[in-house]
Amino acid sequence: MRKLCATIFLALGLCVNLLNAQGIEIKRTDTPIVIDGAIDEQWSLADSAYNFMQYFPMDTSLARSQTVAKVLYDDQFIYVLGVMKNLSPERNYITPSLRRDFFGDANDSFSFLIDTFQDNTNAFIFGINPFGVRREGLIVNGGSGRNSFSMDWDNKWRGEAQMYGDYWVAEMAIPWKSIRFSENQSQWNVNFYRIDSEEAERSTWSPISRNFSIINLASLRKMDWDTPTKKPGSNISFIPYVAASASKDFQNGDGSQTTFDAGFDMKYAVTSGLNLDLTVNPDFSQVEVDRQVTNLDRFEIFFPERRQFFLENADLFASYGNNGTRPFFSRRIGVARDESTGQNIQNPIPAGLRLSGKVNNNLRLGLLSMQAGENDEAGLPSYNYSVLSLQQKVLARSNVSFLFVNKQTFADITEYDPRLYAKWNRTVGMDYNHASADNVWNGKLFYHQSFEEAKTDDSFASGFEVNYDVPKWSWRMSGQMVGANYNPEVGFVRRRDIRQLNSTVQYAIFPKKGPVQRHGPGFDFDMVWNETYGFLDWDMNILYDVNWKSSARFSARLRRQYTYLFNGFDPSGSGGLRLPSGTGYHNNMIIASYNSDQRKVLSFDLRTRSGEYFNGTRINLEGGINFRYQPLGFTSLSFAYNNIKLPDPYNDAVLFLIGPRFDFTFTKSLFWTTFIQYNTQIENLNINSRLQWRFAPVSDFFLVYTDNYLATDDEGFINLGPSKNRALVFKLTYWLNF
């Protein structure tokens, strides 16, 4: 009976004309649906989304592996059904592991996108694979750009899947209280997409041009409600935690220390679209450790935010400016700088709150206030961090945004070194983000100004971006001006006192036959200068990209670049003699990368930036190897090798970074990950091992062990020295809904 139902659903989809751009109606069911991956009789009453279109490798025909999706609702849940047909009766589905929040274009999956406010800019995504492993995430910026999709957001919902020979079935139950929306809506924007690993095919219900992302929100279709949406009732989540740790700092000779902490997060839906988050004494010990990198750059490295409290509606705060010039960067909160040593230190956060979401269909609000504790050892006063963000929709998918950031201490500042710490620092800014209705044109304009007690000139940042995308051509141009005294202390500024302009143009060729899906040439340049020194850096690149239908990718570019040192710099990264300031270097190099077919049990990626390097040469090879023993997990090895040759009296250097990772998922609720990083540049070996038991929905037990050893390279062998510091952390969290 179940197989017959699935066949009927698929046949309905295939018999309708290809050009029929249908929407879908969501109907009420009075009988709750059992979420078990089986097709119940209630689904026969539901409307269907059918005629899925191929997105990859082509985008001009119906998908070879067809899918039918259905939606229903009751007072508690929105129900989603997906029936995924295969071309062959015997299948080996691909999953990296049984861990929640899987990722990758080669993994079998079915996903549901919901744009509840119909702004074609922000959406929720819920996905599941044939093994019943779930993922959920947030889509921002219309689904365009590298930072438009985050799976770090977690929430409560249910989902199961079952495999039935030549098809598989997925069912979801998404609580009304897990998403934000307005009352009395008669329509939402939605889409469904499916990844079929065996056919290397990606397909979508609403057609999307292959030059856009598969999560592009400009092409969503309408989902009509049979009755307007209503309030979901009181919506309060309380998430307490308890944590304990034991640690010892061997390097500084400190004795063993034990700690015990407790705190909580609370989520309260002020309205159905506006959420209040409160945190008291938050603890982020369960957050996965940052991946180390070999730093041969002259500037600070950007690491993304992973802490759960900062993630929902994070784009309201974090997307101002551009990747190298952000007026607000949430990782500045809770991680302070000891100005007397120049080292980053953790400082506690007693409490914080955040109000974020939709005030109405066109206005979004973000208000954040966090109190960071003092640190007597570093002579660091307690600071309050407050942020106000307003985003007003204009035109079809564009918005105008306003930001105010205030960092201020209420302590008696005379008790601290005035050369190191100021009483306050503020930043004000406005951005205009443009996205055309068809997603062909995207871009932004921004202007930000920082303010300090000591009034300074030239404390601004401004810039623009323009992106043009059609199937065969893409063009991007951006530029910025950053003043010498621009200083948003709660932001991220890679370089100051610069003018910058860059552009990339690429042409795509889509072969009608053969294994290649797309290939084509391109050209780009990047120029950085200022009035004092003239050109500081520039590079010009001739590039070529190749994408295979198997999901493998290759990219290469020939680069000619110039670098001017206005400060002394050691290119070896080994602490040797610095190249003198006021000198410039012309270099030629090759930059290339290759990603193998991710569907294979053994896959790999390789990258290189090799050639002339300042006044010497550099051979660079980076990458990773991944072995999948599905569905139980994977083992991977990431590495970076740099061989730097410089003339006397400057240092040569051979730098290694090796990072094996072991990821075991014994069940869909019990996970063990061990991450080892050996870095010769900082002579450190780090071990981070984390056991996670998800004993209830979004409720976890964590046991985390970390250890850092002095490690030196002795003629190719790791000479492991004494432990620098060691810690064992226990944490228990529980999610309660009221």
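Residues numbered from 1 in each chain as written. Predicted model: local features only at pLDDT ≥ 70, side-chain atom pairs only at ≥ 80, totals over all residues. Heavy atoms only, no water.

Asker: A description of the overall build of the chain should follow, citing residues and the corresponding values.
Answerer: Across its full length, the chain holds two helices and 43 strands. Taking 27 Å as the expected radius of gyration for a compact globule of 738 residues, we find that the chain reaches 27 Å, a close match to that expectation. Considering the chain as a whole, with its 738 residues, one finds that 51% of them fall into the buried category. In the chain, the proportion of contacts linking residues at least 24 apart, taken out of those at least 6 apart, comes to 60%. (Helix = DSSP H or I, 4+ residues; strand = E, 2+ residues; numbered from the N terminus. Rg over C-alpha atoms; globule rule 2.2 N^0.38 Å. Buried < 20%, exposed > 50% of the residue type's maximum accessible area, 1.4 Å probe, protein only. Contact = heavy atoms within 4.5 Å.)

Asker: Lay out the side chain of R221 in plain terms, naming residues and giving numbers.
Answerer: Structurally, R221 is set in strand 14 (residues 221-225). Despite its burial, R221 pairs with no opposite charge; the closest candidate is D47, at 10 Å N-O. A polar contact is formed between the side chain of R221 and the backbone oxygen of W205, at a distance of 3.2 Å. (Lys, Arg positive; Asp, Glu negative; His and termini not counted. Salt bridge = Lys/Arg side-chain N within 4 Å of Asp/Glu carboxyl O. Polar contact = N/O pair within 3.5 Å; in protein donor to acceptor, adjacent residues only side chain to side chain.)

Asker: How would you summarise the environment of D526 if you had to cite specific residues and measurements?
Answerer: Here D526 shows up in strand 31 (residues 516-530). For D526, a relative accessible area of 22% gives the class partly exposed. Counting along the chain gives 29 residues from D526 to S555, while the straight-line C-alpha distance between them is 18 Å. Separated by 3.2 Å, the side chains of D526 and Q500 make a polar contact.

Asker: Explain the pairing of strand 35 (residues 602-613) residue by residue, including any values.
Answerer: Direction of pairing for strand 34 (residues 583-595) relative to strand 35: antiparallel, over a ladder of seven bridges. By the bridge assignment, I591 is partnered in strand 35 with R609. Count of turn residues in the strand 34/strand 35 antiparallel hairpin: six residues. A loop of two residues connects strand 35 with strand 36 (residues 616-628), the two strands running antiparallel in sequence, and F614 in this loop sits at a positive phi of about 50 degrees. (Pairing = 2+ DSSP bridges.)

Asker: A description of the environment of Q371 should follow, citing residues and the corresponding values.
Answerer: Mapped onto the fold, Q371 is located in strand 22 (residues 363-372). Taking C-alpha positions, Q371 is 6.2 Å from P350, a pair spaced 21 residues apart along the chain. A polar side-chain atom of Q371 sits 3.3 Å from the main-chain carbonyl oxygen of Y383.

Asker: Give me the environment of T229: which residues, what numbers.
Answerer: Secondary-structure assignment places T229 in the loop between strand 14 and strand 15 (236-249). A sequence separation of 351 residues divides T229 from P580, and the C-alpha atoms of the two residues are 67 Å apart. Discounting residues that sit within four places of it in the chain, T229 has contacts with W176, F181, S182, E183, N184, Q185 and W188. Polar contacts involving the side chain of T229 include one to the main-chain amide nitrogen of Q185, which spans 2.9 Å.

Asker: How would you explain the packing of aromatic side chains if you had to name every residue and give the values?
Answerer: Evaluated as defined, the whole model comprises 39 aromatic pairs. With 5.3 Å between their ring centres and 75 degrees between their planes, F126 and W157 make a pair best called edge-to-face. Residue F126 is found in strand 7 (residues 123-128), and its partner W157 is found in the loop between strand 9 (149-150) and strand 10 (158-163); the two are separated by 31 residues along the sequence. For the pair shown, F126 and W157 are each scored as buried. Ring centres of Y594 and F604 lie 5.8 Å apart, and the angle between their planes is 45 degrees; on these two criteria the pair is classed as tilted. With Y594 in strand 34 and F604 in strand 35, this pair connects stretches of sequence that are ten residues apart. By relative accessible area, which is 28% here, Y594 ends up partly exposed. By the ring-pair criterion, three or more aromatic residues cluster together here, those being Y73, W176, F181, W188 and W225. The ring centre of W157 lies 5.4 Å from the NZ or CZ of R134, which sits over that ring. In this structure, R158 packs its charged tip against the face of F77, placed 5.0 Å from the ring centre. (Phe/Tyr/Trp six-rings, centres within 6.5 Å; stacked < 30°, edge-to-face > 60°. Lys NZ or Arg CZ within 6 Å of the ring centre and 35° of its normal.)

Asker: Outline the nonpolar core, listing residues and values.
Answerer: Membership of the largest hydrophobic core comes to 34 residues, with the highest contact counts inside it found for F110, F112, F126, W188 and F192. In terms of residue count, the dominant contributor to this core is strand 11 (residues 167-175) (four residues). Not counting residues within four places of it along the chain, the set of residues in contact with F192 comprises A49, F52, A69, V71, V80, F110, S111, F112, S203, T204 and W205. If you look at the next biggest cluster of nonpolar residues, it comprises 20 residues, including F317, L368, L380 and Y416. (Core = buried A, V, L, I, M, F, W, Y, C linked by side-chain atoms within 4.5 Å.)

Asker: Describe the confidence of the model for the chain, with residues and values.
Answerer: Averaged over every residue, the pLDDT of the chain is 89; residues scoring 70 or more account for 92%. Under a pLDDT of 50 for its full length, residues 6-20 has, in the predicted model, 27 contacts with residues more than four places off or in other chains. (pLDDT = per-residue confidence, 0-100.)

Asker: Describe a negative patch on the surface, listing the residues and the values that go with them.
Answerer: A contiguous patch of negative charge, built from E374, D376, D412 and E415, is present on the exposed surface. Counting through the fold element by element, D412 comes out in the loop between strand 24 (398-408) and strand 25 (424-435). For D412, a relative accessible area of 43% puts it in the partly exposed group. (Patch = residues over 30% accessible without salt bridge, like charges linked within 9 Å, V, L, I, M, F, W, Y side chains within 5 Å. Areas by Shrake-Rupley, 256 points an atom, 1.4 Å probe, with all protein chains shown as cover. Charge placed at Lys NZ, Arg CZ, Asp CG, Glu CD.)

Asker: Summarise the pattern of salt bridges; cite the residues concerned and give the values.
Answerer: Under the criterion given, the structure shown has 29 salt bridges. We note a salt bridge from D524 to R557, for which the minimum N-O separation is 2.9 Å. Of this pair, D524 sits in strand 31 while R557 is found in strand 33 (residues 553-565), placing the two residues 33 residues apart along the sequence. Ionic pairing is found between D605 and R607, a salt bridge with its closest N-O pair at 2.6 Å. Note on D605: relative accessible area 18%, which makes it buried. Given the relative accessible area of 36%, R607 is considered partly exposed.

Asker: Explain a nonpolar patch on the surface to me, using residue names and the numbers behind them.
Answerer: On the surface, V601, L602, F604, L606, L621, I625, F627, L637 and I658 cluster together into a nonpolar patch covering about 710 Å² of accessible area. Residue assignment for the nonpolar patch shows that the elements contributing at least two residues are strand 35 and strand 36. One can find V601 in the loop between strand 34 and strand 35.

Asker: If you had to explain the pairing of strand 39 (residues 670-679) to someone new, which residues and values would you point to?
Answerer: Burial of strand 39 is extensive: seven of the ten residues sit out of reach of the surface. In terms of strand pairing, strand 38 (residues 653-665) meets strand 39 through seven bridges, oriented antiparallel. Counted as the bridge partner of R661 is F675 from strand 39. The hairpin formed by strand 38 and strand 39 contains four residues between the paired strands.

Asker: Summarise the side chain of N155; cite the residues concerned and give the values.
Answerer: Relative to the helices and strands, N155 is located in the loop between strand 9 and strand 10. With residues up to four places along the chain from it excluded, the contact list for N155 reads R100, E136, S178, V698 and W735.

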